Amino acid sequence: MISMQGASVLTLYAIIIVAVVQDFRNMRISNRLIIVGFIASLAFGIILGGMPRVVQILLNISFPVIMLYLLYLLGVLGAGDIKLFSVIGGFTNFKTLTDCMLFSFAVGAVIAVARLLCNHNLQLSLLKARMYLQDVLGGRITSYRREWAEEKNLMHFSIAILFGFVIARVRVYLHAG
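Per chain, the residues get numbers from 1 upward, laid out in the order the sequence is written. Selection of residues for local features in this predicted model requires a pLDDT of at least 70, selection of side-chain atom pairs for listing and counting requires 80 or more, and totals for whole chains, interfaces and linings are taken over all residues. Hydrogens and water are ignored here; the side-chain numbers use all heavy atoms of the structure.

Of regular secondary structure, the chain possesses seven helices and zero strands. Exposure categories follow from relative accessible area, calculated using a 1.4 Å probe and restricted to protein chains: below 20% of the type maximum is buried, above 50% is exposed, and the middle band is partly exposed. Across the 177 residues that make up the chain, the buried fraction comes to 42%. Whether two residues touch is decided by their heavy atoms; if any such pair falls within 4.5 Å, the residues are in contact. For the chain, restricting intrachain contacts to residue pairs at least 6 apart in sequence, the fraction spanning at least 24 positions comes to 72%. We get accessible surface area from the Shrake-Rupley algorithm with a probe of 1.4 Å; when it comes to residues, only the shown protein chains can shield them. Accessible surface computed for the chain: about 10,200 Å², of which carbon and sulfur atoms make up 70%. Helix and strand definitions follow DSSP, with helices as H or I runs of at least four residues and strands as E runs of at least two, each counted in order from the N terminus.

Structural data, given as structure tokens:
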């Protein structure tokens, strides 16, 4: 029989996998899925830890929004990706959330470089990124996605989040054993 903690982890995996499918199909993650994730994380939190856990959940949900909002404004990261990190925060502790975020960006960097190499436009994209960074540092802030990114280089970051979460969970298991 599966424990309540196990059910919580499986629910989170299911939500992340559905988010990846939605991202690949529609280039977005639905708010309905995010709301389901928030409600489920609160329900599991109440069952597993009561009100102290609910306070931790609310803090964890807020953290990705606060930390990643600038990346959203710059067009580097989608709102659905940030909300997906928030859902992960609702189900996990702060350490696992931050590990997931760090590993996701590392995986995302590897995927991005691989895509640029496959598309044979790594140099051009690096040049565009440099020009964009110069604009931002010069006070001209625009959306990278709208002004500089090519459609073929856009990435479904939810897949990096899925792999980042798997790596973070494996790390938890390795340190527990």
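Structure's up, so let's keep going.
With that out of the way, let us pick up the confidence of the model for the chain. pLDDT: the predictor's confidence for each residue, scored from 0 to 100. Considering every residue of the chain, the mean pLDDT works out to 88; 89% of them sit at 70 or more. Ranking the elements of the chain by mean pLDDT puts helix 6 (residues 144–147) last, at 57, and helix 3 (residues 79–91) first, at 97.

As a further point, take unusual backbone geometry. Non-glycine residue Met 27 carries a positive phi angle of around 60°. Here Met 27 lies in the loop between helix 1 (4–26) and helix 2 (31–73).

A few words now on the side chain of Arg 169. Note that Arg 169 resides in helix 7 (residues 157–176). In this structure the side chain of Arg 169 is engaged in a polar contact, spanning 2.9 Å, whose partner is the side chain of Tyr 173. Residues in contact with Arg 169, not counting those within four places in the same chain, are Val 9 and Tyr 13. Polar contact is the term for a pair of N or O atoms within 3.5 Å; when the atoms are in protein, one must be able to donate a hydrogen and the other to accept it, and sequence-neighboring residues count only if both atoms are side-chain atoms.

Bringing a nonpolar patch on the surface into the picture now. Side chains of Tyr 69, Leu 70, Tyr 72 and Leu 73 sit close together on the surface and give an oily, nonpolar patch of about 410 Å² of accessible area. Locating Leu 70 in the fold gives a position in helix 2. Under the relative-accessibility criterion, Leu 70 is labelled exposed at 54%. Any residue with relative accessible area above 30% and no salt bridge may belong to a patch, with like charges joined within 9 Å and the nonpolar Val, Leu, Ile, Met, Phe, Trp and Tyr side chains within 5 Å. Criterion for a salt bridge: a side-chain nitrogen of Lys or Arg within 4 Å of a carboxyl oxygen of Asp or Glu.

So, about the environment of Val 55. For Val 55, the location among the structural elements is in helix 2. Given a relative accessible area of 46%, Val 55 falls into the partly exposed group. Sequence separation of Val 55 and Leu 42 is 13 residues, and the distance between their C-alpha atoms is 9.7 Å.

All right, on to the pattern of salt bridges then. Overall, the coordinates contain two salt bridges when judged by the stated rule. For the salt bridge of Lys 95 with Asp 99, the shortest nitrogen-to-oxygen distance reads 3.0 Å. Of this pair, Lys 95 and Asp 99 both sit in helix 4 (residues 94–118), separated by four residues, roughly a single helical turn. The class for Lys 95 is partly exposed, based on a relative accessible area of 48%. Classification of Asp 99 by relative accessible area gives buried; the value is 7%. Of the charged contacts, one joins Asp 99 and Arg 171 as a salt bridge, the two residues approaching to 3.1 Å between their closest N and O atoms. Taken together, the residues Asp 99 in helix 4 and Arg 171 in helix 7 connect sequence positions 72 residues apart. The class for Arg 171 is partly exposed, based on a relative accessible area of 31%.

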